[in-house]
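Okay, here's what each chain looks like letter by letter:
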Amino acid sequence: MLRPQGKIALLSLMLLTAAARIAMGQGAAVSGVVRDAQGVAQLGALVQVIAADSAMAGTAFTDLHGRYFIAHLLPGQYEVRASAALFVPAMRDNLQLTSGAQAVVNLTLSTLFESTAWLPAERRKADEPGDDWKWTLRSVANRPILRFAEDGDVILVSSSVREIPKRAERVRAEVTAGDGGFGSSGVHNVFAFDRVLDDGAGLTLRADIGTQPGAPNVGQSTEVATGYGMQLGYGGAARTVLSYQMHPEMLASDGTPGLGVMQLASGQKIQIGDFADVEAGGTIYVVRTSGYTSGSRPFLKVTAHPSENWSVGYRMATAQDLQSFSGLDTMRRELPVAAIYQGRLQTDGGVHQELSVGRKTGRGMVQVAYYADSLNRVAVSGGGVLTPADIAATGQSGANGIIADSTTGNFRFLSAGYKTQGLNVTMTEPLTTNLWLAVEYGTGAGLAAKDGVVMSLPEAGSDLAPVTARTATLALKGRVLRSGTALRAAYRWQPSRLVTAVDPYAPFSDQAYLSCYLRQSLRLGRLLPPGLEATVDVTNLLAQGYRPFLSADGQTLFLAQSPRTMQAGLAFTF
């Protein structure tokens, strides 16, 4: 028989054992999914949970779906680290665990190239609701960490990079109206459908039906595009976009109505280890208006990373709207300019070649590029009140033709090309986690009216000549925290006498003077459904850089690098 002191000691030991078991039962746990930067789950990645004193608290390997689970962790502060062959380790630090906490930490593994990659600004599009501002510097460590707290339990959600949950399906409906410029004015009803397939590939469908109020004799414009994208091995990817555009409001010089375009755009990127990234692809197109013309516009981009902070690149492009693999993120293709030039139907064209050197500066980036352009035919923009006589005058013998939007008076024609070379310097710097400032400076040449020449419409193409000039841009892009506002604003200055852009293949070359795009989430308690947004898209708000000239009957028209356009609408994603 135990003495009273022995009974007390035994009872104390039993209580301590029970408390320890209870504490172990309430131990914290960490789970999550490990993927690469393209969203592909990684099998066999090593996940480690490291305590504040650098002691190893737990390890696990991911399964076929990239999932891991580490349990029986004591309360405290930890670091979660994931690593795998051919990837830069990803980590989440300052993870505070309380007793019984269930933390979800999703990690994204990136190659050296993806960790700090410079992606040039893509030309702006008004139909990019899912745009995650691909044009600027991306950094694995710069993404915000999202935390959720539920009553009675603690759940933490973390990500090292673009770890945004992808729904299997997303549908978006949008209505816009306003003066959208050449081929995009009036009221447009847009429907878009995105689906992520079981194998991780993506399928997209977009349809745009446009009507012109006050123009009953003009049929509806139609734009339909479908795209398919898939992931390849070692961080590679491939995408294809097939689009068809029909605009009955367009008029050719001989009075032929309608402009139809079929385009097949495709591209592929390949990563050569952590050293280099190669992107190649292009567009094949067929255009029908007063006749038929076809062609191809390839691109090639090679970026090497000799060190973590430096990059060296070469880029060759023949189309201004598709210069890299990321240009295929946008389903809507630009409407090509097809007009009679030198006696036959042709489109604008040229070759842009560029060598660049970039250096990471903190969270920002500085890139210096030297380029050489050989432009065969240059598209010039104009506007005003065009009469049938004006259009017919451009199609007379010996004159070059135009392609005109009969509902707005906006038109395009082709002018003689030229050769130029110059320098482009771009600097980006983050203002906040999701808001970036960019400054660009460039040299080169653009078309301007010859000195002392009063231009008229039929001879406008031959009265333009290249002029050496400089350009500068100040741009702001990103999201305003806690406001649901996404914005993209730029002021791009160049001499006002120029009617085409200096360095036309540069990131902001289509954003003349003051231009902006605003997307605002609309929230009013439970009165408005989630996913409702308002959009505003403005180009050349102050109507700067207009150059007057005379039409065939003596009326004043104008040429401009980019005529002013204004569009607004509502969009709903569900």
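Asker: Lay out the overall build of the protein chain in plain terms, naming residues and giving numbers.
Answerer: Along its length, the protein chain carries 3 helices and 36 strands. Counting every position in the protein chain, which comprises 574 residues, the buried fraction comes to 49%. Long-range contacts, defined here as pairs at least 24 residues apart, represent 61% of the contacts in the protein chain between residues at least 6 apart. Here the protein chain has roughly 26,400 Å² of accessible surface; of this, 60% comes from carbon and sulfur atoms.

Asker: Break down the sheet that holds strand 6 (residues 90-97) for me, with residues and values.
Answerer: Across the sheet, 4 strands lie side by side as 3-2-5-6; this open sheet has antiparallel pairing. Every interior strand has two partners, whereas the edge strands, strand 3 (56-61) and strand 6, have only one. Between one strand axis and the next, the sheet turns through 20 degrees on average, direction left out of account.

Asker: Pulling in residues and values, what's your account of the side chain of Ser562?
Answerer: Secondary-structure assignment places Ser562 in the loop between strand 35 (556-560) and strand 36 (565-573). Since its relative accessible area comes to 14%, Ser562 is described here as buried. Residues within four places of Ser562 in sequence aside, it is in contact with Asp510, Ala512, Thr539 and Asn540.

Asker: Could you give an account of the packing of aromatic side chains, with specific residues and numbers?
Answerer: Taken as a whole and assessed by the stated rule, the structure comprises 4 aromatic pairs. Centroid distance Phe411 to Phe413: 6.4 Å. Interplanar angle 20 degrees. Geometry classified as stacked. Both residues of the pair, Phe411 and Phe413, belong to the buried class. Both rings, one in Phe572 and one in Phe574, keep their centres 5.2 Å apart while their planes meet at 25 degrees; by these two values the pair is stacked.

Asker: Report on the environment of Gly181, specifying residues and quantitative values.
Answerer: Within the secondary structure, Gly181 is located in the loop between strand 13 (169-179) and strand 14 (186-196). Gly181 sits in the buried class, given a relative accessible area of 4%. C-alpha separation for the pair Gly181 and Phe411, spaced 230 residues apart in sequence, amounts to 9.3 Å. Contact partners of Gly181, with chain neighbours within four places excluded, come to Asp405, Asn410 and Thr565.

Asker: Residue-level account of unusual backbone geometry, with values.
Answerer: Of note in this structure, His72 is not a glycine but carries a positive phi near 60 degrees. Note on placement: His72 falls in strand 4 (residues 67-73).

Asker: Go over the pairing of strand 31 (residues 485-493), please, and point to the residues and values.
Answerer: One ladder, built from 9 bridges, connects strand 30 (residues 464-480) with strand 31; its direction is antiparallel. Bridge pairing in strand 31 links Val480 to Thr485. Counted between consecutive antiparallel strands, the loop separating strand 30 from strand 31 contains 4 residues, among which Arg482 sits at a positive phi close to 60 degrees. As paired strands, strand 31 and strand 32 (residues 513-521) are joined by 8 bridges and run antiparallel to one another.

Asker: Now, about the pairing of strand 35: what can you tell me, with residues and values included?
Answerer: Counting buried residues along strand 35, 4 of its 5 residues qualify, which places the element largely inside the surrounding structure. Pairing analysis gives 3 bridges linking strand 25 (residues 364-383) to strand 35, with the strands arranged antiparallel. Looking at strand 35, one finds that Ser381 is bridged to Ala560. As paired strands, strand 34 (residues 547-550) and strand 35 are joined by 4 bridges and run antiparallel to one another. Its bridge partner being in strand 35, Pro548 is matched across the sheet by Phe558.

Asker: I'd like a description of the environment of Leu251, backed by residues and values.
Answerer: The residue Leu251 is located in strand 17 (residues 237-252) in this model. Sequence separation of Leu251 and Asp405 is 154 residues, and the distance between their C-alpha atoms is 6.4 Å. Those residues in contact with Leu251 that sit more than four places away from it in its chain are Thr256, Pro257, Ile391, Ile402, Ile403, Ala404 and Ser406.

What counts as what
Residues numbered from 1 in each chain as written. Predicted model: local features only at pLDDT ≥ 70, side-chain atom pairs only at ≥ 80, totals over all residues. Heavy atoms only, no water. Helix = DSSP H or I, 4+ residues; strand = E, 2+ residues; numbered from the N terminus. Buried < 20%, exposed > 50% of the residue type's maximum accessible area, 1.4 Å probe, protein only. Contact = heavy atoms within 4.5 Å. Areas by Shrake-Rupley, 256 points an atom, 1.4 Å probe, with all protein chains shown as cover. Pairing = 2+ DSSP bridges. Axes fitted to C-alpha atoms, helices over the stretch in contact; angles between N-to-C directions. Phe/Tyr/Trp six-rings, centres within 6.5 Å; stacked < 30°, edge-to-face > 60°.

Scope: geometric values only; no functional claims are made or implied.
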